[in-house]
Amino acid sequence: MIWLYILPITMAGRRNRSGLIWFLIGLVGSPLLAILLLLALGDAPEQPTA
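How each quantity is defined
- Residues numbered from 1 in each chain as written.
- Predicted model: local features only at pLDDT ≥ 70, side-chain atom pairs only at ≥ 80, totals over all residues.
- Heavy atoms only, no water.
- Patch = residues over 30% accessible without salt bridge, like charges linked within 9 Å, V, L, I, M, F, W, Y side chains within 5 Å.
- Areas by Shrake-Rupley, 256 points an atom, 1.4 Å probe, with all protein chains shown as cover.
- Salt bridge = Lys/Arg side-chain N within 4 Å of Asp/Glu carboxyl O.
- Helix = DSSP H or I, 4+ residues; strand = E, 2+ residues; numbered from the N terminus.
- Axes fitted to C-alpha atoms, helices over the stretch in contact; angles between N-to-C directions.
- Parallel < 35°, antiparallel > 145°, perpendicular 65-115°, else oblique.
- Contact = heavy atoms within 4.5 Å.

## Some details on a nonpolar patch on the surface
Taken together, the side chains of Leu 20, Ile 21, Leu 24, Leu 27 and Val 28 define a hydrophobic patch exposed on the protein surface, amounting to about 510 Å² of accessible area. With respect to the helices, strands and loops of the structure, Leu 24 is situated in helix α2 (residues 19-28).

Written as structure tokens, this is what we have:
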């Protein structure tokens, strides 16, 4: 059951998103909701460097 909370963290990291935020989304909603949202959103756009 713990892997359901860890999976969104690793998925977020691979998609250039904050793992902590997605962990909190998993806690508030559900881990499956966070996983589905990450799949739907895809990769985060690259931030331009100044």
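Having seen the structure, we can now continue with the description.
## Some details on the packing of α2 against helix α3 (residues 31-41)
One way to put it is that α2 packs onto α3 with a least axis distance of 6 Å and a crossing angle of 135°. The angle between α2 and α3 places the two elements in the oblique class. Contacts from Trp 22, Ile 25 and Gly 26 of α2 reach α3 at Pro 31, Ala 34, Leu 37, Leu 38 and Leu 41.

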